[in-house]
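Chain by chain, the residues:
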Amino acid sequence: MRIILVGFGVVGQSFLNLLKLRHDELASTYGIRPRILAIVDKGGAAINERGLDMEKILEVKKETGTVSKVLDKGFPGLSAKEVIEKTEAEIVIEVTPTDIVSGEPGLTHIETSIKSGKNVITTNKGPLALALPALMDLADYNGVYLRFSGTVGGGIPILDLGRKCLIGDRIISIRGILNGTTNYILTEMSEKNIDFNEALRRAQELGYAEKDPSLDIDGFDTACKLVIMANWIMGKKVTLKDVKINGIRHVTLKELINADKNGKTIKLIGSINKGLEVKPTEISKRDVLCVHGTLNAVTFTSEFVGEETIMGRGAGGMETASAVLRDLIDIKTNLSAKF
Ligand SMILES: NC(=O)c1ccc[n+]([C@@H]2O[C@H](COP(=O)([O-])OP(=O)(O)OC[C@H]3O[C@@H](n4cnc5c(N)ncnc54)[C@H](OP(=O)(O)O)[C@@H]3O)[C@@H](O)[C@H]2O)c1
C-alpha cells in the first residue's frame, strides 16, 4: 500500500510510530505492507517513491520542524495538492487542522485525492461537517473509499459500532457526550465548585482546551461529530447548517449545584432524533451517559436491541492513529474483496 501522509503533527507522527510498532503483524495478519511515499507539512514535502525512512523522517521533523529538510528527498514549499496530483499512491491520509468555516486546507486535499483516484482516510472534521454528502457522492463516483473513523471519538469505534455492528437493526436515535474538553470543564465545575472561567483556565493549563476554545465550548466540535454520525450511520444527508447548536459558555455553577440537589448534573449532549441538536442538558447521575473528565460516551437506540452505550477516551495521538490504522485495514479488506 503506497501512502501519502498530509499533515505531520500529533496524529500524523503517532500514525508513523504505530506503523513501526505493528509492522510485522500488519504483514502477517492482513497482508499489508505500508510504504509511506510522501509526507507533507506546512514547510513542504518529503518524497521517496521507494518509501521514506520512517525513523529518519521523525528525527528530521523533531530537529528542524519540517519534513522538507530531509536530505535528498526534501522539497521545501511543495504543496500537498501538488504532491497528491503528481504522486502515484493508493491512499492519502489527511490529518491537517480542522477549519469549520472553509473546510480548508483539508477539503482541497480530500477532493484532489478522490478526483485523482486515491482512497482517503481523514481525521479532519471540518471538510466532512461542511460537505460530507457531496464528498461521499464524489468518492462513489470515482470508485474510491473515503473513511474517517478518527473524527468521532478518537480511537473509540463509535462509527463502526453504529454502521457495521448494528447492521441488522435500525438505529432510531443517537445521543452522546462527544467532546472531552467540555466534559472536563463541566466535571471540574461540579466536583470542585468552581465557575466556568476557572474550569476553562485549568483545562487550558492541562492542554485539554485550545487557546481559542470556541470550537469546543460553543458546541461546534460536537455538532461536527453529529453531522458525521447522521450521514454515515443513519443515511441522513445533513451538514453543519442543519444542527441547532448551544455550547456551555453560559452554564453557571448555581445551575450545577441545583441539578446536584436532585441527583442530576449538566452535560453537553449531542443528539440525533428528528433533528440534530447540541445543548447543555440535565441528566441523572445514574444515566449510563454520565461519564466524567475527558471521557466520551454515546448511546445508540435501535428498534430491536434497544439502548447500547459505548464509552472511552475520545482523543489523543495514538488513540486517533489507531482509528486511522483501522480504516487502512478496512480499505485493504475492501480492495482485496474487489479483485
Ligand atoms: N489530536 C487528537 O487527539 C485528535 C483527535 C481526533 C481528531 N483530530 C483531528 O485530526 C487532525 C490532526 O490533528 P493533530 O492533533 O495532529 O493536529 P496538529 O498537531 O496541529 O498537526 C497538523 C499538521 O498539519 C500540517 N498542516 C497544516 N496546514 C497544512 C497544509 N496546508 N498542508 C500540509 N500540511 C499542513 C501541520 O504542519 P506543521 O507541522 O508544519 O505545522 C501539522 O503537521 C485535526 O483535524 C484534528 O481536529 C485530532
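Structure: above.
The following paragraphs examine the structure supplied in this document. (Residues numbered from 1 in each chain as written. Predicted model: local features only at pLDDT ≥ 70, side-chain atom pairs only at ≥ 80, totals over all residues. Heavy atoms only, no water.)

### Thoughts on the overall build of the protein
- Helices and strands together make up the secondary structure of the protein, namely 12 helices and 13 strands.
- Rg of the C-alpha trace for the protein: 21 Å, near the compact-globule value of 20 Å for 339 residues, within the 12% margin.
- Along the three orthogonal principal directions, the C-alpha set of the protein runs to about 65 × 45 × 35 Å.
- Residue pairs in contact within the protein that sit at least 24 positions apart in sequence constitute 69% of those at least 6 positions apart.
- Accessible surface, the protein as shown: approximately 15500 Å² in total, 51% of it carbon and sulfur.
- Put simply, the protein has 44 plus and 43 minus side-chain charges, and the middle of one group is 1 Å from the middle of the other. (Helix = DSSP H or I, 4+ residues; strand = E, 2+ residues; numbered from the N terminus. Rg over C-alpha atoms; globule rule 2.2 N^0.38 Å. Contact = heavy atoms within 4.5 Å. Areas by Shrake-Rupley, 256 points an atom, 1.4 Å probe, with all protein chains shown as cover. Lys, Arg positive; Asp, Glu negative; His and termini not counted. Charge placed at Lys NZ, Arg CZ, Asp CG, Glu CD.)

### Concerning the packing of helix α1 (residues 10-30) against helix α2 (residues 54-64)
- Remark: α1 packs on α2, axes separated minimally by 10 Å, with the N-to-C direction vectors making an angle of 150°. Here α1 lies roughly antiparallel to α2, going by the angle between them. Handedness of the crossing formed by α1 with α2: left-handed. On α2, the residues touching Q13, L16, N17, L19 and K20 of α1 are M54, E55, I57, L58 and K61.
- The class makeup of the residues in the contact of α1 with α2 is 5 nonpolar, 2 polar and 3 charged. (Axes fitted to C-alpha atoms, helices over the stretch in contact; angles between N-to-C directions. Parallel < 35°, antiparallel > 145°, perpendicular 65-115°, else oblique. Left-handed = near helix turned anticlockwise from the far one by under 90°. Nonpolar A, V, L, I, M, F, W, Y, C, P; charged D, E, K, R; others polar.)

### Structural notes on the sheet that holds strand β3 (residues 44-47)
- Taken in spatial order, the 7 strands of this open sheet run β4-β3-β2-β1-β5-β6-β7, and their pairing is mixed. In the strand order of this sheet, the two ends are held by β4 (74-76) and β7 (146-147), each with one partner.
- In this structure, strand β5 (residues 91-94) lies alongside strand β6 (residues 119-122), joined through 4 bridges in parallel fashion. Pairing of I93 across the sheet is with I121, part of β6.
- Relative to strand β2 (residues 35-41), α1 is tilted by about 165°, and along the sheet it contacts β1 (2-6), β2 and β5. (Pairing = 2+ DSSP bridges.)

### Describing helix α4 (residues 106-115)
- Of all the 10 residues making up α4, 7 are buried; the element is thus mostly covered by neighbouring parts of the structure.
- Among all positions of α4, only G106, L107, H109, I110, T112, S113 and I114 are buried.
- Elements that come into contact with the buried residues of α4 comprise β1, α3 (80-86), β5, β6, α5 (125-142) and β7. (Buried < 20%, exposed > 50% of the residue type's maximum accessible area, 1.4 Å probe, protein only.)

### Details of the side chain of S113
- Along the chain, the position of S113 falls in helix α4.
- According to the relative accessible area criterion, S113 is buried, its value standing at 0%.
- Ignoring sequence-local partners within four residues, the contact set of S113 consists of I84, V92, K118 and V120.

### Focus: the site of the ligand
- As a structural note, the neighbourhood of the ligand is formed by 22 residues, with V11, K61, T96, T123 and G316 the closest of them.
- The separation between an oxygen atom of the ligand and a polar side-chain atom of T123 is 2.7 Å.
- Between the ligand and the protein, one listed contact pairs an oxygen atom with a backbone N or O atom of G316 at 2.7 Å.
- Every element with two or more residues in the shell around the ligand is listed here: α1 and β2.
- Looking at side-chain class alone, the shell around the ligand contains 8 nonpolar, 10 polar and 4 charged residues. (Near = heavy atom within 4 Å. Polar contact = N/O pair within 3.5 Å; in protein donor to acceptor, adjacent residues only side chain to side chain.)

### So, the side chain of T222
- Here T222 is to be found in helix α10 (residues 220-234).
- Accessibility expressed as a relative area gives 0% for T222, which makes it buried.
- Those residues in contact with T222 that sit more than four places away from it in its chain are L178, N179, L268, G270 and V278.

### Side note on the packing of aromatic side chains
- Going through the model one piece at a time under the given rule, you end up with 2 aromatic pairs.
- Judged by centre distance (5.0 Å) and plane angle (65°), the rings of F148 and W232 are edge-to-face. Here F148, found in the loop between β7 and α6 (158-165), pairs with W232, found in helix α10; they are 84 residues apart in sequence, far enough to count as distant.
- When the ring of Y184 is compared with that of Y208, the centres are 4.9 Å apart and the planes differ by 65°; the resulting orientation is edge-to-face. With a gap of 24 residues between them, Y184 in helix α7 (residues 180-192) and Y208 in the loop between α8 (196-205) and α9 (214-217) connect regions that are remote in the sequence. (Phe/Tyr/Trp six-rings, centres within 6.5 Å; stacked < 30°, edge-to-face > 60°.)

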